[in-house]
Amino acid sequence: MPGSVDELLAVFDLESIEDGLFRAQPPPTLMQRVFGGQVLGQALLAASRTVPPERSAHSLHAYFLVGGDPAVPIVYDVENLRDGRSFSARRVAVRQHGRHIFYLTASFQIPEVGPEHQDLAPDVPLPHDCPTLAQSMANTRDGTSTAVLAAEFAALDVRYAGSSAPGGALADPAHPALARIWMKAGGRLPDDDTLHRCVLTYMSDLTLLHASLVPHPMDIDATQRASIDHAMWFHRPFRADEWLLYDQVSPFAGGARGLAIGRIFDANGSLVATAVQEGLIRPGAGLH
């Protein structure tokens, strides 16, 4: 996975094969399947390439069908569902080895004004007062897997801001599964609103499912985890290279699945996006 911002930008350098058809080359990785955030972000970018530039993505809904092969290119086939006066809709079929591995539907809107309100951002420590994600997970993963995690996502700066794990600062009987992180790209990104939305989409898949495991003392490396679906809504403009607070809560886990909701605030407390994901959390089965 990307070890620098330049390598992260290369992930979003899609090759245009023909109208509505794009191809992404695989980045180097030690992972045995494609990172879900990579497919999410690339699919959103492919869809964005086919809409008028004044229309920005405001929502996406996606299903992961099959784990992607990290050693071969991925093909993104964009279908134009509708172009209305204010909204555009696209569906992206993602293929490898001649079969579909992922579907995404995205909606785009021209800028408009209307009533506004939002939840308040929670009170959390500042990013530089928080340990890195790898440091925070050192007690729940073996040394090798922690080092791999840090290397795979070296292009991002992710800080652990607390959770409701046993003994955690956010322990709350009403909400047993809470987790908060600060996150951003590890360097400056170009001034491209579409790119920032795609990078945030990429980052949104990094820890959301893990929120479902917070109250459960399980061996993470011996638990099968996989994203099943992912939805996202973009509320306000933001920069993915500036600190964003990911406030995550899992209201339910059961049947070997966990549901998690993430509110994403900028450093000024503005709610800029919301993500929801359901994923597989099958204990004792190993990662593959």
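Residues numbered from 1 in each chain as written. Predicted model: local features only at pLDDT ≥ 70, side-chain atom pairs only at ≥ 80, totals over all residues. Heavy atoms only, no water.

**With respect to the overall build of the protein chain**
Next, step 1: Regarding its fold elements, the protein chain presents five helices and twelve strands.
Next, step 2: Taken over C-alpha atoms, the radius of gyration comes to 18 Å for the protein chain, in line with the 19 Å a tight globule of 288 residues would show.
Next, step 3: Along the first, second and third principal axes, the C-alpha atoms of the protein chain reach 55 × 45 × 35 Å.
Next, step 4: Buried positions account for 50% of the 288 residues belonging to the protein chain.
Next, step 5: Counted over contacts in the protein chain with a minimum sequence separation of 6, partners at least 24 positions apart contribute 73%. (Helix = DSSP H or I, 4+ residues; strand = E, 2+ residues; numbered from the N terminus. Rg over C-alpha atoms; globule rule 2.2 N^0.38 Å. Buried < 20%, exposed > 50% of the residue type's maximum accessible area, 1.4 Å probe, protein only. Contact = heavy atoms within 4.5 Å.)

**Topic: the packing of helix H2 (residues 36-48) against helix H5 (residues 193-204)**
Angle between the axes and distance between the axes: these two values describe a pair of packed helices.
Next, step 1: Where H2 contacts H5, the two axes come as close as 7 Å, and the packing angle between them is 155°. Classified by the angle their axes make, H2 and H5 are roughly antiparallel. As for the relative orientation of H2 and H5, their crossing is right-handed in sense. Residues Gly37, Gln38, Leu40, Gly41, Leu44, Leu45 and Ser48 of H2 pack against Thr194, Arg197, Cys198, Thr201 and Tyr202 of H5. (Axes fitted to C-alpha atoms, helices over the stretch in contact; angles between N-to-C directions. Parallel < 35°, antiparallel > 145°, perpendicular 65-115°, else oblique. Left-handed = near helix turned anticlockwise from the far one by under 90°.)

**Regarding H5**
Next, step 1: The end-to-end C-alpha distance of H5, which contains twelve residues, comes to 16 Å, matching closely the 16 Å that a straight helix rising 1.5 Å per residue would cover.
Next, step 2: Most of H5 is tucked away, with ten of its twelve residues classed as buried.
Next, step 3: Every buried residue belonging to H5 is among Leu195, His196, Arg197, Cys198, Val199, Leu200, Thr201, Tyr202, Met203 and Ser204, and all of these are buried.
Next, step 4: Measuring from the side-chain oxygen of the N-cap residue of H5 to the backbone nitrogen of Thr194 gives 3.0 Å; that N-cap residue is Asp192. (Expected span 1.5 Å × (residues − 1). Polar contact = N/O pair within 3.5 Å; in protein donor to acceptor, adjacent residues only side chain to side chain.)

**Side note on the layout of surface pockets**
Next, step 1: Approximately 710 Å³ is the volume found for the second largest pocket.
Next, step 2: If you trace the second largest pocket, you find 22 residues lining it, with Gln109, Glu112, Phe234, His235 and Arg236 closest to the centre.
Next, step 3: If you tally residues by element for the lining of the second largest pocket, the top one is strand S3 (residues 56-64), at three residues.
Next, step 4: Split by residue class, the lining of the second largest pocket holds nine nonpolar, seven polar and six charged. (1 Å grid on protein atoms, 1.4 Å probe; cavity = no way out; pocket = protein on both sides within 12 Å on 5 of 7 lines; lining within 4 Å. Points joined across faces, edges and corners; volume = space filled by probe spheres on them. Nonpolar A, V, L, I, M, F, W, Y, C, P; charged D, E, K, R; others polar.)

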